[in-house]
Amino acid sequence: MNESIVLLSVLVAFLFGLATGKAWERYKLREGRWIDRRKARESPHYILGLNLLISNQTDLAIEELTTAAGIDADGFEIHLILGNLYREKGQVTRAIQLHQQLLQRPKLTKVEQAYVLLCLGLDFRRGGFVDRALEAFTEVLRFDQSNQYALLNLEKLYEEQQQWQKAYDVRQRLAALADEPQKPKHEAILAFLETQLGLQASGQAPPLKAISHFKAAIDLDQTSVPAYLNLGDLQRQEGLLNEAVSTWEQVPRIAPDKAYLVFDRLENVATEQGHNDRFPALCRRLIDANPQDWRARLALGRHLVTFGQPLKALDLLFESLLHNPHALAIHQVIWQALLALHFTEELVTRYMTLTREAVFYLDPHVCMRCRYRSTELLWQCPQCHEWNTFTEERITLTEESEDESH
Ligand SMILES: [Zn+2]
């Protein structure tokens, strides 16, 4: 996250330079003399500072850029970058001071004002001053209503405050600005936000509002797993068992790797309704479709142990173990099955051989964007706050480089 923000600040400064390069007066009258305003940018300290910045040597970069800034006290972008660097180092007060000083300069263009406000907003956000950050980003949009950085930051702030409707509105503005190929990505995020709105409305009875949010989420993104989960839960709560089942059954279809999230739900309802074949059939289908699916094997194994077929269950559980030897849940069901089989020596020996070379690690869910690790599946990353970036390392090891981060 640090790196990307530092790079962003450089980029912002460069873009700024490009956008306004012509508008800038090259020469300026100061104390009766014409001063070449390009001086600072052409100084070796400036160039060196930027290079240090890119190689992430923040302290040295600050040193060089401070020297460059000393050559030309008016250098706008140098002060902008310096402020950003102080923020990244955690010296938020200093960053705010620098950026506020810039803002007080007379004759700033609209673009300049927008950029300083954006940087100030980032300072405030970093310092935890939520209201002032919201104000700054909103102000940026007043100067430049399609400023994506401001919109993104606003959205994240609203999400942190659980103001889902406001976050949703901001994301809609972002979606409206996006090119056609980018639209599905925005719709997927809108679907997550819709789902949050549904959860927020879930307390109310009758739950019509919540249901319509979940359905809207599915309309936005037909692969939005949490929308199906929550919609099904609500339907079940309302006693609509068949509706709940057909909602949950969409999950294995749209996201086979997340099918396990509906296992308990479907198994319980199937047992309740007396359809004892339905759940095993689902597990078999999943195993056939993905031989690596250890969760479907585990679920079916557990089901078989419960229904008095421990030997059949063990075969599946041992297979499951090969794909994920660290899952405690598998071991627990294996013990259950072994117990039911009175610890037959041959079976116990097989179990011990299988586990001997197991490598244990505990947090298999990884954020594809920032590599944050988690023991459970998360829909929003607590570190980089991106939506739907988690993958289970063991299952999707080969296809994980498909990463849309920027
Ligand atoms: Zn992350």
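The rules behind the values
Positions within a chain are numbered from 1, following the residues in the order the chain's sequence is written. Given that this is a predicted model, residues contribute local features only at a pLDDT of at least 70 and side-chain atom pairs are listed and counted only at 80 or more, while totals for whole chains, interfaces and linings are drawn from all residues. No hydrogens and no water enter the side-chain calculation; it runs on all heavy atoms of the structure. For Na, K and Ca the donor cutoff is 3.2 Å, while for all other metals N, O and S atoms count as donors only within 2.8 Å; water does not appear among the atoms, so some sites may look incomplete. Every angle between 85 and 135 degrees makes a four-donor site tetrahedral, while opposite donors more than 155 degrees apart, with all other angles between 65 and 115, make a four-donor site square planar and a six-donor site octahedral; other sites are irregular. Going along the chain from the N terminus, every DSSP run of H or I of four or more residues is numbered as a helix, and every run of E of two or more is numbered as a strand. Classification of residues uses two cut-offs on accessible area relative to the type maximum, computed with a 1.4 Å probe and protein chains only: under 20% is buried, over 50% is exposed, and between them is partly exposed. At least two DSSP bridges between two strands are required for those strands to pair. Residue types Ala, Val, Leu, Ile, Met, Phe, Trp, Tyr and Cys, when buried and joined through side-chain atoms within 4.5 Å, form a set referred to as a nonpolar core. Where a domain begins and ends is set by an automatic assignment or by a domain database. Two residues qualify as a contact provided that any one of their heavy atoms is within 4.5 Å of a heavy atom in the partner residue.

All right, on to the coordination of the zinc ion then. Looking at the zinc ion, one finds its protein donor set to be C367 (SG), C370 (SG), C381 (SG) and C384 (SG), positioned 2.2 to 2.4 Å from the metal centre. Seen from the zinc ion, its 4 donor atoms lie at angles of 106 to 115°, and the figure they make is tetrahedral. Within one chain, the residues donating to the zinc ion are spaced in sequence as C-x2-C-x10-C-x2-C. Of this pair, C367 sits in strand β3 (residues 365–367) while C381 sits in the loop between β4 (373–374) and β5 (390–392), and the two are 14 residues apart along the sequence. Owing to a relative accessible area of 1%, C381 belongs among the buried residues under this scheme.

Here the focus is the sheet that holds β4. Spatial strand order, β4-β3-β5: 3 strands in an open sheet with antiparallel pairing. In this open sheet, the two strands that pair with only one neighbour each are β4 and β5. Across 3 bridges, β3 lies against β5 in antiparallel orientation. The residue bridging V366 from the neighbouring strand is T391, located in β5.

Counting residues in hydrophobic clusters, the biggest one holds 58 residues, and the most contacted among them are F263, L317, I330 and I334. Considering each element in turn, this core owes the most residues, 7 residues, to helix α18 (residues 294–306). A domain-level breakdown of this core finds at least three residues from each of domain 2 (277–358) and domain 3 (365–399). Setting aside its immediate chain neighbours within four residues, I334 contacts L314, L317, F318, L321 and Y351. Formed by 31 residues, the second largest nonpolar core is a distinct cluster that contains V92, L134, L154 and L174.

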